[in-house]
Amino acid sequence: MIPRIYIPADSGALALGAEKVAKAIEAELKERGVEAKIVRNGSRGAYFLEPMVEVATAEGRIAYGPVKPSDVKSLFDSGFLKGGHHKRWLGSPDKIPFFAKQTRLTFARCGINDPLSLDAYKSHGGLRGLQNAVAMAPADIVKQVTESGLRGRGGAGFPTGIKWKTVLDTTSEQKYIVCNADEGDSATFADRMIMEGDPFVLIEGMAIAGIATGATKGFVYIRSEYPHAVATMNKAVAIARKAGVLGVNVLGSPNAFDMEIRVGAGAYVCGEETSLLNSLEGKRGVVRAKPPLPAIQGLFGKPTVINNVISLASVPIIMDKGAAFYKDFGMGRSRGTIPIQIAGNVRNGGLFETAFGLTLGEIVDDIGGGTSTGRPVKAVQVGGPLGAYFPRALFDTPFDYEEFAKRDGLIGHAGITVFDDTADMLKQARFAMEFCAIESCGKCTPCRIGSTRGVEVLDKVAAGIEAEKNLALVTDLCNTMKFGSLCALGGFTPYPVMSSITHFPEDFKPAPARVAAE
Ligand SMILES: Cc1cc2nc3c(=O)[nH]c(=O)nc-3n(C[C@H](O)[C@H](O)[C@H](O)COP(=O)(O)O)c2cc1C
Ligand code: SF4
């Protein structure tokens, strides 16, 4: 049998040198006159081990990583095509602790095979959910999704089934499914990984959403910074169409569903659902007032399901294994699994899919392995640029929507950014206000003006000008933004600001005291 070598073509792995490694392996095979099949898979998500090369042996796959082009000759000398030992040897990927500790439902196939092989997708359980869905009444599909407890993974955590029911119950000659792949939060890459590593699972999830709600057309709005995801999704849609997974008769059923890929406009606020719809319609990405809800009047004024990539990509497993199976994972009202993305100053950065309920401390210390600088962890920002900074004192918080909310935080899209003790939280608070000022769509005053005033006032605090009075002013401003903004960009910017002030007061002391303390 010809040996198989798996080298990720995921853009995270490419950024770490996977293309150069692939070239070096190709050249070495040629030089040694050895025949082997190179498969370009997605990433399994352990970026601290990328580029992670795997070989299929009689005993299963053996992984090596992080592989550098300069390792390639010695890998061949060590007999890596048969799983031989080498300093980069990691053993069976399933036994690497970072993978062994995960519960992979949504990401079950990601990083394992060629993302564009529909046969590989099917042989690993793909299309079973859609197969079940085409045989069901739309209301029963919606019921399954509702009963699974799935909540939107884009940030707000709204129950997916309830959103779908509103669209199902709204009569219209045209309805749409829109997938939000704008993924603008810091530390997040789950959407990108799925689109590059297992695109058919998203296509399958969207087709199920279409059949469940009576929508015949879908759009995936992908941020412009993801050219690899755009290319992979375009190819996957063409393959799915040719194979009859999409089209006028989905999997040979009377249901029609087709979809297109759209490239985003490059603004953080275009990830907000109504702004995204405007952008998709070719307008400026400005937030729309709600009501009407997009589920009733969305894209081009028609009833629209708008869901995050991970929400939609989690549907196939629910429709395959049933609501009860999915609901069995998790805690409280946070059911199923969540792909936590661990980034920032952290030793083991990557994507970790697990049932809800792990504590923040377990995620950062045990899974993430602490900081990459080796210094103590000072703060962890959870939920992107609008998420709160948590100090070590809150590391016992379980990963759960309600538990985070109780502590004035949010899970958001489950991105975690780790900071060591050199972080200056006043600078981080200022950055939050500055980010909001830059990204504000400008529609409402608390956000448009408040964020700029926030930067100015925090600069005064940093300069030691009437620090106490100005800190009180920041708090007041945060309350105005929190309660007076039209959307969560202005409404949630107070979270990183106020959590910095609350948990790290020493960083907000007047300048001379801060300098003396340093
Ligand atoms: C400023 C802002 C940016 C957002 N960015 C994203 C994003 O990049 N991706 C996403 O899925 N949701 C984003 N959201 C949330 C969406 O508005 C919306 O809640 C989500 O697409 C709904 O899908 P879900 O229910 O599947 O989470 C953002 C919200 C705000 C206020
Ligand atoms: S909060 Fe900011 S981004 Fe949201 S509508 Fe108001 S101005 Fe636009």
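The notes below deal with the structure included here. All figures in this text were calculated on a predicted structure; none of them were measured in a lab.

1. Describing the site of ligand 2
So, step 1. Neighbouring residues of ligand 2: 13 residues in total, closest Cys 441, Lys 443, Cys 444, Cys 447 and Cys 487.
So, step 2. The residue inventory of the shell around ligand 2, partitioned by class, reads eight nonpolar, four polar and one charged.

2. Re the pattern of salt bridges
Any two side chains of opposite charge can pair, so long as their charged atoms come close to each other.
So, step 1. Counted according to the given criterion, the structure contains 36 salt bridges.
So, step 2. A salt bridge links Glu 19 to Lys 23, with the shortest nitrogen-to-oxygen separation between them at 3.2 Å. One end of the pair, Glu 19, and the other, Lys 23, are both in helix α2 (residues 18-32), four residues apart, so they sit about a helical turn from each other.
So, step 3. Judged by its relative accessible area of 33%, Glu 19 falls in the partly exposed class.

3. Thoughts on the nonpolar core
Burial of nonpolar side chains together is a common tendency in soluble globular proteins.
So, step 1. Trp 164, Met 195, Leu 202, Val 220 and Ile 222 are the most contacted members of the largest nonpolar core, which totals 62 residues.
So, step 2. Per-element tally for this core: the top contributor is helix α10 (residues 199-213), with ten residues.
So, step 3. If you look at the next biggest cluster of nonpolar residues, it comprises 34 residues, including Ala 379, Phe 435, Cys 436 and Ile 501.

4. Some points on the packing of aromatic side chains
So, step 1. Evaluation of the coordinates by the stated rule reveals 17 aromatic pairs.
So, step 2. On the numbers, 5.5 Å between centres and 75 degrees between planes, the contact of Tyr 64 with Phe 80 is edge-to-face. Of this pair, Tyr 64 sits in strand β4 (residues 60-64) while Phe 80 is found in the loop between α3 (72-77) and β5 (89-91), placing the two residues 16 residues apart along the sequence.
So, step 3. Phe 80 sits in the buried class, given a relative accessible area of 1%.
So, step 4. When the ring centre of Tyr 6 is taken as reference, the NZ or CZ atom of Arg 61 above it lies at 3.6 Å.
So, step 5. Residue placement shows Lys 321 over the ring face of Phe 325; its charged tip is 5.3 Å from the ring centre.

5. Brief notes about the environment of Ala 240
So, step 1. As for its position among the elements, Ala 240 is in helix α11 (residues 227-242).
So, step 2. Each C-alpha atom, one on Ala 240 and one on Glu 204, is 9.2 Å from the other, the two residues being 36 residues apart in sequence.
So, step 3. When neighbours within four sequence positions are excluded, Ala 240 is seen to be in contact with Phe 200, Ile 203, Val 245 and Leu 246.

6. Overview of the side chain of Glu 28
So, step 1. Tracing the backbone through its elements, the reader meets Glu 28 in helix α2.
So, step 2. A relative accessible area of 6% places Glu 28 in the buried class.
So, step 3. One polar contact links Glu 28 to Arg 32, side chain to side chain, over a distance of 2.7 Å.
So, step 4. When neighbours within four sequence positions are excluded, Glu 28 is seen to be in contact with Val 72, Lys 73 and Phe 76.

7. Brief notes about the site of ligand 1
So, step 1. In the vicinity of ligand 1 there are 19 residues, among which Gly 154, Asn 180, Asn 307, Asn 308 and Ser 311 approach most closely.
So, step 2. Backbone polar atom of Gly 184 to an oxygen atom of ligand 1: 3.3 Å apart, as the coordinates give it.
So, step 3. At a separation of 3.3 Å, a nitrogen atom of ligand 1 approaches a polar backbone atom of Gly 271.
So, step 4. Compared with its free state, where it exposes 610 Å², ligand 1 has 92% of that area covered by protein.
So, step 5. Secondary structure elements with two or more residues in the shell around ligand 1: β9 (304-308) and α21 (488-492).

8. Details of the environment of Gly 361
So, step 1. Structurally, Gly 361 can be placed in helix α16 (residues 360-367).
So, step 2. Classification of Gly 361 as buried rests on a relative accessible area of 10%.
So, step 3. Once the C-alpha coordinates of Gly 361 and Ser 279 are considered, the two residues, 82 residues apart in sequence, prove to be 39 Å apart.

9. Here's the deal with the pairing of strand β16 (residues 415-420)
So, step 1. Most of β16 sits out of view: six of its six residues are buried.
So, step 2. Where burial is concerned, the two faces of β16 agree: the one with Gly 415, Thr 417 and Phe 419 and the one with Ile 416, Val 418 and Asp 420 are both buried.
So, step 3. In the sheet, strand β12 (residues 337-344) pairs with β16 via four bridges, with the strands oriented parallel. Looking at the pairing, Gln 341 lines up with Gly 415 of β16.
So, step 4. Here strand β14 (residues 377-382) pairs with β16 via five bridges, running antiparallel. Paired with Ala 379 across the two strands is Phe 419, which belongs to β16.

10. Digging into the sheet that holds β14
So, step 1. With mixed pairing, five strands are arranged side by side in an open sheet as β13-β12-β16-β14-β15. Two strands in the sheet have a free side with no partner beyond their single neighbour: β13 (350-355) and β15 (389-391). For this sheet, the mean angle separating the axes of adjacent strands, direction not counted, is 30 degrees.

11. So, the packing of helix α7 (residues 138-148) against helix α8 (residues 160-169)
So, step 1. In contact at an axis separation of 7 Å, α7 and α8 are set at 160 degrees when each is read in the N-to-C sense. Between α7 and α8, the crossing angle belongs to the class labelled roughly antiparallel. With respect to the hand of their crossing, α7 and α8 are arranged in left-handed fashion. Contact residues: Pro 138, Ala 139, Val 142, Val 145 and Thr 146 in α7; Thr 160, Gly 161, Ile 162, Trp 164, Lys 165 and Leu 168 in α8.
So, step 2. Classifying every residue of the contact of α7 with α8 by side-chain character gives seven nonpolar, three polar and one charged.

12. Quick word on the sheet that holds strand β6 (residues 176-181)
So, step 1. Taken in spatial order, the four strands of this open sheet run β8-β7-β6-β9, and their pairing is parallel. Bordering the open sheet on either side are β8 (258-263) and β9, each of which pairs with just one other strand. Taking each pair of neighbouring strands and ignoring which way they run, the sheet shows an average axis angle of 20 degrees.
So, step 2. With six bridges connecting them, strand β7 (residues 217-222) and β8 associate as parallel partners. Opposite Ile 222, over in β8, you have Val 263 as the bridge partner.
So, step 3. Against the sheet, α11 contacts β7 and β8, and its axis sits at roughly 165 degrees relative to β8.

13. What about the pairing of β13?
So, step 1. Among the six residues of β13, six are classified as buried, and the element is accordingly described as predominantly covered.
So, step 2. With six bridges joining them, β12 and β13 adopt antiparallel strand pairing. Along β13, the bridge assignment pairs Ile 338 with Thr 354.
So, step 3. Where β12 folds back onto β13 in an antiparallel hairpin, the turn is made up of five residues.

Parameters and conventions
- Residues numbered from 1 in each chain as written.
- Chains lettered and ligands numbered in written order.
- Predicted model: local features only at pLDDT ≥ 70, side-chain atom pairs only at ≥ 80, totals over all residues.
- Heavy atoms only, no water.
- Near = heavy atom within 4 Å.
- Nonpolar A, V, L, I, M, F, W, Y, C, P; charged D, E, K, R; others polar.
- Salt bridge = Lys/Arg side-chain N within 4 Å of Asp/Glu carboxyl O.
- Helix = DSSP H or I, 4+ residues; strand = E, 2+ residues; numbered from the N terminus.
- Buried < 20%, exposed > 50% of the residue type's maximum accessible area, 1.4 Å probe, protein only.
- Core = buried A, V, L, I, M, F, W, Y, C linked by side-chain atoms within 4.5 Å.
- Phe/Tyr/Trp six-rings, centres within 6.5 Å; stacked < 30°, edge-to-face > 60°.
- Lys NZ or Arg CZ within 6 Å of the ring centre and 35° of its normal.
- Contact = heavy atoms within 4.5 Å.
- Polar contact = N/O pair within 3.5 Å; in protein donor to acceptor, adjacent residues only side chain to side chain.
- Areas by Shrake-Rupley, 256 points an atom, 1.4 Å probe, with all protein chains shown as cover.
- Pairing = 2+ DSSP bridges.
- Axes fitted to C-alpha atoms, helices over the stretch in contact; angles between N-to-C directions.
- Parallel < 35°, antiparallel > 145°, perpendicular 65-115°, else oblique.
- Left-handed = near helix turned anticlockwise from the far one by under 90°.

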